[in-house]
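Next come the chains, spelled out residue by residue.
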Amino acid sequence: MFVAGNWKSNKSFSEAKEFANVMQGMSPFPEQVEVMVAPPAPYLAAMGQEGLPFRLGAQNVSATGPGAQTGEFTAEMLAGCGVVDVIVGHSERRDGHGDVDAVVAEKVNRVLEAGLRVVFCCGESLQDRQSDVHFDKVLRQMESAILHLPVEVMDRVVVAYEPIWAIGTGLTATADQAQEMHAAIRGWLREAYDAETAAGIPILYGGSCKPGNADELFACADVDGGLIGGAALEPDSFRAIIDAAGRVASAKVGVDAGA
Ligand code: 13P
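Residues numbered from 1 in each chain as written. Predicted model: local features only at pLDDT ≥ 70, side-chain atom pairs only at ≥ 80, totals over all residues. Heavy atoms only, no water.

Colleague: Is there a simple way to think about the overall build of the protein in this case?
Modeller: Check the secondary structure of the protein and you find 11 helices and eight strands. The globule rule puts the C-alpha radius of gyration for 259 residues at 18 Å, and the 17 Å found for the protein is close to it. Taken over the C-alpha atoms alone, the protein extends approximately 45 × 40 × 35 Å along its principal axes. The buried share of the protein, reckoned over its 259 residues, is 51%. Long-range contacts, defined as pairs at least 24 residues apart, comprise 72% of the intrachain contacts of the protein with a sequence gap of at least 6. Of the roughly 11200 Å² of accessible surface on the protein, a fraction of 51% belongs to carbon and sulfur atoms. When the 19 positive and 35 negative side-chain charges of the protein are each reduced to one mean point, those points stand 3 Å apart. (Helix = DSSP H or I, 4+ residues; strand = E, 2+ residues; numbered from the N terminus. Rg over C-alpha atoms; globule rule 2.2 N^0.38 Å. Buried < 20%, exposed > 50% of the residue type's maximum accessible area, 1.4 Å probe, protein only. Contact = heavy atoms within 4.5 Å. Areas by Shrake-Rupley, 256 points an atom, 1.4 Å probe, with all protein chains shown as cover. Lys, Arg positive; Asp, Glu negative; His and termini not counted. Charge placed at Lys NZ, Arg CZ, Asp CG, Glu CD.)

Dropping the structure here:
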């Protein structure tokens, strides 16, 4: 299981350091859970110098290489700061910051070329869902950013399904809605690559995931963790979600082993 926190544009630098200290002081995270936190970009270099109890993630990356690109930061720069995971294609960037499909695809390439892992976000709007085109929308996003990738890099790809109508709204996809979309994404990956590759790619759910609904969402067969916004801002709620993932991971291992 993989639990990733996306802080978006929240927290002062001192609050960010305090969060890391509090998490560091907690009992160890459950063994079967990988944890990542993506703070605002200006904090990455300093946070990457600390012994963090979680993987350090970035929320964005430049679609370009080094050079005359004022204000941009390359995947290699992120790697040099201790970043290991990069979120690409978040709906807040697609809708508000010009990250159209071609830009997202280029960012995915840059992250992978730098040896980092990409957390690729996809998801439909409420209108897409109401018009019953949500599967098409999400699978088209997969096609445009993922299909061209060689199988060799797919062990550094994580997919995050984030229905836009559930982000920051308090509305969560039901477990059934999450599972059917995750199964569709897994099926698409199986077709595009192979069964083993598809089974190995974590597919996270994001959108108002909280301590109170994490167990139910994570228990879905094709949900491998969560990309958490609001509930990742406080150590206690983030830890509660990590613990939910730990409980579910143990139960899923039991099921896989036929227990
Ligand atoms: P919320 O958990 O606040 O809904 O945000 C989800 C998200 O966008 C994570 O990337």
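From this point on, the discussion continues.
Colleague: Explanation requested: the sheet that holds strand β8 (residues 225–228) in the structure shown.
Modeller: In sheet architecture, strand pairing relies on hydrogen bonds along the backbone and comes in two forms, parallel and antiparallel. Pairing is parallel in the closed barrel, where eight strands are placed in the order β1-β2-β3-β4-β5-β6-β7-β8. Neighbour to neighbour, the strand axes of the sheet diverge by 25 degrees on average, direction disregarded. Strand direction decides the pairing type here: strand β1 (residues 2–6) and strand β2 (residues 34–38), joined by five bridges, are parallel. The residue of β2 that forms the bridge with Phe2 is Glu34. Each of β5 (117–122) and β6 (157–161) is contacted by helix α7 (residues 134–145), which is oriented at about 145 degrees to β5, the strand it contacts most. (Pairing = 2+ DSSP bridges. Axes fitted to C-alpha atoms, helices over the stretch in contact; angles between N-to-C directions.)

Colleague: Would you mind showing me how to read the packing of aromatic side chains here?
Modeller: Given two aromatic rings, their pairing is described by the distance between the two centres and the angle made by the two planes. Under the criterion given, the structure shown has five aromatic pairs. Residues Trp7 and Phe19 carry aromatic rings whose centres are separated by 4.8 Å and whose planes lie at 85 degrees to one another, so their mutual orientation is edge-to-face. Of the two residues, Trp7 sits in the loop between β1 and α1 (13–24) while Phe19 sits in helix α1, which places them 12 residues apart along the sequence. The exposure class assigned to Trp7 is buried, which follows from its relative accessible area of 0%. Between Phe19 and Phe238 the ring centres are 6.2 Å apart and the planes differ by 45 degrees, which places this aromatic pair in the tilted class. Of this pair, Phe19 sits in helix α1 while Phe238 is found in helix α11 (residues 235–256), placing the two residues 219 residues apart along the sequence. Per residue, the accessibility class of Phe19 equals that of Phe238, and both read buried. Among the aromatic residues, ring-to-ring pairing joins Trp7, Phe19, Phe54 and Phe238 into one connected group. Here the guanidinium or amino end of Lys11 rests over the ring plane of Trp7, the centre of that ring lying 5.2 Å away. Between Arg117 and the ring centre of Phe2, over which it is positioned, the NZ or CZ distance is 4.5 Å. (Phe/Tyr/Trp six-rings, centres within 6.5 Å; stacked < 30°, edge-to-face > 60°. Lys NZ or Arg CZ within 6 Å of the ring centre and 35° of its normal.)

Colleague: So what exactly am I meant to see when it comes to the site of the ligand here?
Modeller: Within the structure, the ligand sits among Asn6, Lys8, His90, Glu162, Ala166, Ile167, Gly168, Gly207, Ser208, Leu227, Gly229 and Gly230. The contact in question runs from an oxygen atom of the ligand to an N or O atom on the side chain of Asn6, over 3.0 Å. Gly168 is positioned such that a nitrogen or oxygen atom in its backbone is 2.6 Å from an oxygen atom of the ligand. Its free accessible area being 310 Å², the ligand has 94% of it covered by the protein chains. Its residues assigned to classes, the shell around the ligand comprises three nonpolar, seven polar and two charged. (Near = heavy atom within 4 Å. Polar contact = N/O pair within 3.5 Å; in protein donor to acceptor, adjacent residues only side chain to side chain. Nonpolar A, V, L, I, M, F, W, Y, C, P; charged D, E, K, R; others polar.)

Colleague: Explain the nonpolar core to me, please; I cannot follow it from the model alone.
Modeller: A general feature of soluble globular proteins is that nonpolar side chains tend to end up buried together. Grouped together as the largest cluster of nonpolar side chains are 71 residues, with contacts concentrated most on Ile146, Ile185, Leu189, Phe218 and Phe238. Dropping the residues within four chain positions of it, Ile185 is found in contact with Cys122, Val138, Leu139, Met142, Val159, Tyr161 and Ile203. Formed by 11 residues, the second largest nonpolar core is a distinct cluster that contains Phe2, Val119, Ala160 and Leu204. (Core = buried A, V, L, I, M, F, W, Y, C linked by side-chain atoms within 4.5 Å.)

Colleague: What am I meant to see in α1 here?
Modeller: Residues that lie three or four places apart on an α-helix share one face, since the helix turns once every 3.6 residues. The end-to-end C-alpha separation of α1 is 17 Å, in line with the 16 Å expected for 12 residues at 1.5 Å each. For α1, the complete set of buried residues consists of Ala16, Phe19, Ala20 and Met23. For α1, the arc enclosing every buried residue in end-on projection is 95 degrees, short of the 170-degree limit, so these residues lie on one face. Turned more than 90 degrees away from the buried face of α1 sit Ser14 and Asn21, all of them exposed. (Expected span 1.5 Å × (residues − 1). Arc of directions from axis to C-beta.)

Colleague: For this particular structure, what's the right way to read the packing of α7 against helix α8 (residues 175–192)?
Modeller: To describe two helices that pack against each other, one gives the angle between their axes and the distance between the axes. The N-to-C vectors of α7 and α8 enclose an angle of 40 degrees; their axes lie 10 Å apart at closest approach. Taken together, the axes of α7 and α8 lie oblique to each other. For α7 against α8, the interelement crossing comes out right-handed. In this structure, α7 uses His134, Phe135, Val138, Leu139, Met142 and Glu143 to contact α8, whose residues at the interface are Glu180, Met181, Ala184, Ile185, Trp188 and Leu189. (Parallel < 35°, antiparallel > 145°, perpendicular 65-115°, else oblique. Left-handed = near helix turned anticlockwise from the far one by under 90°.)

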